[in-house]
Each structure stands twice: as structure tokens, then as C-alpha cells.
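# Chains, contacts and geometry: an overview
Below, each chain spelled out in residue letters.
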Amino acid sequence: MLDNTKLREDIAFVRATAERSKKPTVPGIYFVWALIGFCGFAIVDFVDDLRSVGIYWLFAGPVGFVISAWLGRRAALDTGLVNREEGIRHGLHWIAFMAAGILGLALVQAQQLTWQGFGSLWVLLLALTYFQWGLHLERRMLPLGLLTGGAYLVTIWVPSLGWTIAGAVLAIGLTTAAFIGARKRETAQ
């Protein structure tokens, strides 16, 4: 017969070990979005027709999403920490961001918001999304949420190259978050 005390201790050990294990950090996702975001923000300052910005994001957003999902899944498989529910939760988090941004089109169609304002609205939604990601899923995203809030203000109040500046700041923030995550993962091993 098994000793119940020993069995409880073993289960407690396994549970504590599982709770201490960190989710895989995937720096590649941060680098992908640093590049996509910087390019997408910068083109706003260099094109006359904002429709080309929309076309860029129409393709770059979904491609980035698919690349991110693939990189995340691959990292989860490599570490053996596959959690389907968590993967779905991550996907829904970002799909909600995209859906809220698309719903913002109604403001433009009703002529309550300009196309330039619509772009800034996306940045504000991104700030909120990063901040909530930091609150609920990954703490190091909290500062990036605040930084994105600052970038939102830059897109509104800096007339010359404001979007490029905002994109550069976010790219630096994402790159920094990638390096911090990679360093934490290395020290944990």
C-alpha cells in the first residue's frame, strides 16, 4: 500500500515544479513585429495616399499573426510546454485587438474620425492590448504598453516624422523586450 503522506508530497513537488516552469520566451516574435511595425508606421510619413498604409497593414498584419503563431507553437513544442487553451487565449487576445481596430472603421465611415485619426486609434488600441497582455499574461509587456501610449501621443502631436519616431520607439521597445526575455530564459536554464 502507498503511503498517503509520501504521495501528497510527490504531487506537491510536481505541482510546484510545474508552476515554477516558465513559458517559453520567443524573441523572434518581438523582432518580427519590430520590423513590421517600424515599416508600417514610417510609411505614414512618406506616402501621400493613406490607402497604401491600409494595404500594407491588410497584408502585414495577418502575415505577422501567422508567423507569430507558428513561432510560438514551435517554441512550445521544443520546450514540451504545449497548452492548447493558452495558445487559443493568446490568439483571441490579438484577434480582439484586430476586431476592435476594424470596428473603428465605422467612425471613419460616419465621418466622426479622419483617416489620420483612425491610424492613431490603432496605436491607442495597441497600447491597451500590450498593457493588458502585461497585466494578464507576461509582465514585461507592461512598460511596452505605457511606451505605446506615449507613441500614440506622438502620432497626434508631432507633425513632422511623428509616425516614424513612434515606430522607431516601438521597434526599440520590442527589441529590448526580446533581449530581456532571451536573457531571462538563459539564466533560468
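Structure report, in brief. Because the structure is predicted, anything quoted here is derived from the model rather than measured. (Residues numbered from 1 in each chain as written. Predicted model: local features only at pLDDT ≥ 70, side-chain atom pairs only at ≥ 80, totals over all residues. Heavy atoms only, no water.)

## Concerning helix α7 (residues 141-157)
The test is simple: Runs of E in the DSSP output that reach at least two residues are strands. Runs of H or I that reach at least four are helices, and both are numbered from the N terminus. One less than the residue count of a helix, multiplied by 1.5 Å, gives the span that helix is expected to have. Burial classification: accessible surface area is computed with a 1.4 Å probe over protein chains only, and a residue below 20% of its type maximum counts as buried, one above 50% as exposed, and the rest as partly exposed. Summarising the geometry, the arc corresponds to the directions from the helix axis toward the C-beta atoms.
With 17 residues, α7 should reach 24 Å at 1.5 Å per residue; the first-to-last C-alpha distance of 25 Å fits that figure. Residues of α7 that are buried: Met141, Leu144, Gly145, Thr148, Ala151 and Thr155. End-on view of α7: buried residues confined to an arc of 115°, all on one side of the axis. Seen from the buried face of α7, the exposed residues on the opposite side, beyond 90 degrees, are Pro143, Leu146 and Trp157.

## Some remarks on the packing of aromatic side chains
Two aromatic rings are characterised by how far apart their centres lie and by the angle between their planes. As a reminder, the rule being used: Only centres within 6.5 Å qualify two rings of Phe, Tyr or Trp (six-membered ring in Trp) as a pair; their planes then separate them into stacked at under 30 degrees, edge-to-face at over 60, and tilted for everything else.
The full count for this structure, using the stated rule, is 9 aromatic pairs. On the basis of an interplanar angle of 85° and a centroid distance of 5.2 Å, the ring pair of Tyr56 and Trp57 is categorised as edge-to-face. Here Trp57 falls in the partly exposed class, since its relative accessible area comes to 29%. Considering the side-chain rings of Trp94 and Phe97, the 6.0 Å spacing of their centres and the 85° angle between planes classify their relative orientation as edge-to-face. Of this pair, Trp94 and Phe97 are both found in helix α4 (residues 84-103), 3 residues apart, which corresponds to roughly one turn of the helix. The pair Trp94 / Phe97 is uniform in exposure class, with both members buried. Three or more aromatic residues joined by ring pairs make a cluster, and in this case those are Trp94, Phe97, Trp115, Phe118, Trp122, Tyr130 and Trp133.

The quantities given are spatial measurements derived from coordinates; they are silent on function.
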